[in-house]
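Remarks on the overall topology
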Amino acid sequence: MKVKQISIFIENKIGRLAEVTKVLSDVLVNIRALSLADTKDFGILRLIVDEPDKAQATLKNNGYTARETEVLAVEVPDRPGGLFEVLNTFEENKVNVEYMYAFAGKLEQSAIMIFRFDDVENALSSIKNTSLKILTHEELVKLV
Amino acid sequence: MIFNPEIETAGKDKLKEIQSNYLIKLVERLNDNVEFYNKKFKEASIKPSDIKSIDDITKLPFTQKEDLRQNYPFKMFAKPLNEVLEIHASSGTTGNPTVVGYTQNDIKLWGTVMARTIAVAGGNPGDIIQNAYGYGLFTGGLGVHYGSLELKCSIVPTSSGVTKRQIKLLGDFGARILTCTPSYALYMAEVAQEMGVDIKALPLEIGIFGAEPWTANLRNEIEKVWGIDAMDIYGLSEIIGPGVAQECKAKNGLHIFSDVFYPEIINPETLEPVAEGQDGELVITTLTKEAFPLIRYRTKDITSINYEKCEVCGRTLPRISKLKGRTDDMLIIRGVNVYPSQIEEILLRIEETEPHYQLVVERSGTLDQLEVQVEINDKVFSDEIKKMEILEQKIVKEIESNIGLLAGVKLVEPKSIERSMGKAVRVIDKRNS
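Please read these numbers as outputs of a predicted model, since none were measured by experiment. (Residues numbered from 1 in each chain as written. Chains lettered and ligands numbered in written order. Predicted model: local features only at pLDDT ≥ 70, side-chain atom pairs only at ≥ 80, totals over all residues. Heavy atoms only, no water.)

**Observations regarding the overall build of chain B**
- Across its full length, chain B holds eleven helices and 21 strands.
- By the burial criterion, 57% of the 433 residues in chain B qualify as buried.
- The contacts of chain B with a sequence gap of at least 6 include a subset with a gap of at least 24, amounting to 67%.
- Per element, the accessible surface of chain B, about 18,200 Å² overall, is 49% carbon and sulfur. (Helix = DSSP H or I, 4+ residues; strand = E, 2+ residues; numbered from the N terminus. Buried < 20%, exposed > 50% of the residue type's maximum accessible area, 1.4 Å probe, protein only. Contact = heavy atoms within 4.5 Å. Areas by Shrake-Rupley, 256 points an atom, 1.4 Å probe, with all protein chains shown as cover.)

Next comes the structure, spelled out in structure tokens:
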């Protein structure tokens, strides 16, 4: 149920982001979602790709510091209050969201958001008896 | 083994007698043959007959690197040029290079002290030595070479560079001893990993690493990745090249060959001797060298000395501590003394692995700024900005509490700081450019 996210350390320099995407494009890895967090000197690029293991290995071979993190892809109802319901569920279970970002693909009635939790196992169990849905990696990469 | 046991385990009185006899003759030779010293002695009102024992050495003047530059190229030589069989020179990036010469006896001496050195580090006749110190004007390569011949080892003179071939030969020839700079040893380990070579499985047992200051933590890191004993060697071309002092298996100070290279530790400001065990500048007199002898040469290296017999290897030769830095590597930033080795210790503690770092000093307005650039590694990388900022803050705080200086810290990508084949460039000082 968990989804693998690749995180990459990049210096805040012209062209660095483009170089990372080139490395992945050369081995035909498709980027499905991304989030870039930045500071004055460096940024951390987080990616959801179709082939995370291949992406990770390729990046390492090209000298990048990259690691895999487990995240959840959660369906968020596409209507007012939809995101609140999701966040409320986690809050009630005392699961902390470290960061989140939107996924490019969409289902008919809902958007998909990627959540990075402090405790992914706790997050998983907290949605067990709720109406919230999460997507597997296979479901995620199939979405258009 | 001990290469010259009658010297290396001699009692204090015997050593003193040897040193005294050498010093008396040295002062006579220099007074007669080197104008620079003849003048210096006159200025200080010293006659050779005033020097009766090694204790009188403190009456003699110091020699500084600047003196060598001013007497470029051959005016410091105490022998006519046709007796000088080998000449080396420093890179001379600032002004005239430092020129050093060797007579046949000097080369013999070099071989002897380097044979002692290799033996102090644990080497034996018959060992294979892969020598990745540079051959050329730099004294590192040839010094190890002569010592290996003298000890009757098999020398593989790879010189520095062509790293993949170094690693292949380490495996194929099966050297027991590797000689190079510590930063190059780390670089080789990285390349070996990229090549998929398990360096711990190599027959290599001993590394003799030097020519740049390195910390105890860095030693632990090298020993861990290579699975060898990493031993510190000390030398400088002005004195002879490598072969001045070497660590034994106790790894508790470097035995200095004081029968021929007489050491003193002084306070670099007052020029007075400091007490045994206290840090100060190492000063060396070459008691027996013929072509290029030096009296009380100020090495600018910071260390301390211990005259106790070594219980582990049995040598009575005094030990100098692992170098703490150089008086001229010392950065003075906003009135605070900073040695690159101090920053290195802190980074090793935090990153838990060999740090690749560079110190950049700049002046903004009237204020000096130190920026510590540190390569990120897998161990400390996190996908959370928060954790990375905590890491930065931790380095800032550790530097502040250990050194008393507020420095900027910049995390940079792996392998973005240039790797060295020879000496690592740890400091970029932009204040005077």
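Still to come is the rest of the account.
**What to know about helix 5 (residues 104-120) of chain B**
Residues and elements named next belong to chain B.
- With 17 residues, helix 5 ought to run about 24 Å at 1.5 Å a step, and its terminal C-alpha atoms sit 24 Å apart, in line with that.
- Helix 5 sits mainly inside the fold: 14 of its 17 residues count as buried.
- Phi turns positive one or two residues past the end of helix 5, at Gly 122, with a value near 115°. (Expected span 1.5 Å × (residues − 1).)

**Observations concerning the sheet that holds strand 4 (residues 154-156) of chain B**
Residue and element names in this part refer to chain B.
- Taken in spatial order, the nine strands of this open sheet run 4-3-5-6-7-8-9-14-13, and their pairing is mixed. With partners counted over all chains shown, the strands left at the sheet margins are strand 4 and strand 13 (305-306), one partner each.
- Summarising the sheet, strand 6 (residues 206-210) and strand 7 (residues 229-236) pair through five bridges and their orientation is parallel. Counterpart to Gly 207 in the pairing with strand 7 is Ala 230.
- Most of the contacts of helix 8 (residues 182-195) go to strand 5 (residues 177-180), to which it runs at about 115°, and overall it touches strand 5 and strand 6.
- Its contacts with the sheet place helix 9 (residues 216-226) against strand 5, strand 6, strand 7 and strand 8 (241-247), and it is angled at close to 130° to strand 7. (Pairing = 2+ DSSP bridges. Axes fitted to C-alpha atoms, helices over the stretch in contact; angles between N-to-C directions.)

**Section: the packing of aromatic side chains**
- Taken as a whole, this structure holds 14 aromatic pairs over all chains when the rule is applied.
- Pairing Phe 9 of chain A with Phe 42 of chain A gives two aromatic rings, centres 5.1 Å apart and planes at 25°, and the pair type is stacked. Of this pair, Phe 9 of chain A sits in strand 1 (residues 3-11) while Phe 42 of chain A sits in strand 3 (residues 42-49), and the two are 33 residues apart along the sequence.
- For Phe 9 of chain A, a relative accessible area of 0% gives the class buried.
- Taking the centre distance of 6.5 Å and the plane angle of 15° together, the rings of Tyr 99 of chain A and Tyr 101 of chain A count as stacked. Accessibility classification places Tyr 99 of chain A together with Tyr 101 of chain A in one group, the buried group.
- Among the aromatic residues, ring-to-ring pairing joins Phe 9 and Phe 42 of chain A together with Phe 381 of chain B into one connected group.
- Over the ring of Tyr 99 of chain A we find Arg 46 of chain A; its NZ or CZ atom is 3.6 Å from the centre of that ring.
- Over the ring of Trp 214 of chain B we find Lys 322 of chain B, and its NZ or CZ is 3.8 Å from the ring centre. (Phe/Tyr/Trp six-rings, centres within 6.5 Å; stacked < 30°, edge-to-face > 60°. Lys NZ or Arg CZ within 6 Å of the ring centre and 35° of its normal.)

**Concerning the environment of Lys 108 of chain B**
- Here Lys 108 of chain B is to be found in helix 5.
- Linking Lys 108 of chain B and Tyr 146 of chain B, residues 38 residues apart in sequence, is a C-alpha distance of 8.2 Å.

**Describing the interface of chain A and chain B**
- In this complex, chain A contributes 24 residues to the contact, which on the side of chain B involves 19 residues.
- Here chain A packs against chain B, burying approximately 1,800 Å² in sum over the two surfaces, 53% of which is carbon and sulfur.
- Note that Glu 98 of chain A is salt-bridged to Lys 386 of chain B, the shortest N-O span being 2.9 Å.
- Taken together, the connections running from chain A to chain B amount to eleven residue pairs in polar contact (both at pLDDT 80 or more).
- Looking at the side of chain A that touches chain B, the elements with two or more residues in it are strand 1, strand 2 (31-38), strand 3, strand 4 (66-77) and strand 5 (97-102) of chain A.
- Looking at the side of chain A that touches chain B, the element that brings in the most residues is strand 1 of chain A, giving six residues.
- Of the residues that constitute the side of chain A that touches chain B, the class distribution is nine nonpolar, six polar and nine charged. (Buried area = accessible area lost by both parts, 1.4 Å probe. Salt bridge = Lys/Arg side-chain N within 4 Å of Asp/Glu carboxyl O. Polar contact = N/O pair within 3.5 Å; in protein donor to acceptor, adjacent residues only side chain to side chain. Nonpolar A, V, L, I, M, F, W, Y, C, P; charged D, E, K, R; others polar.)

**A look at the sheet that holds strand 15 (residues 325-326) of chain B**
All names here are of chain B.
- Taken together, the four strands give an open sheet; going across it, the order is 10-11-12-15, and neighbouring strands pair in antiparallel fashion. Unpaired on one side and paired on the other, strand 10 (261-266) and strand 15 mark the two borders of the sheet.
- Strand direction decides the pairing type here: strand 10 and strand 11 (residues 280-286), joined by six bridges, are antiparallel. Of the residues in strand 11, the one forming a bridge with Pro 263 is Ile 284.

**A short note on unusual backbone geometry**
All names here are of chain B.
- Omega for the bond connecting Tyr 72 with Pro 73 falls within 30 degrees of zero, at -10°, which places this linkage in the cis form.
- At Lys 251, a residue that is not glycine, the phi angle is positive and equals roughly 50°.
- Take Lys 251: it is sitting in the loop between strand 8 and strand 9 (254-256).
- Its identity is not glycine, yet Leu 271 carries a phi of approximately 65°, on the positive side.
- Structurally, Leu 271 can be placed in the loop between strand 10 and strand 11.

**Quick word on the confidence of the model for chain A**
- Mean pLDDT over chain A: 91, with 99% of residues reaching 70 or higher.
- Ranking the elements of chain A by mean pLDDT puts helix 5 (residues 137-142) of chain A last, at 86, and strand 1 of chain A first, at 95. (pLDDT = per-residue confidence, 0-100.)

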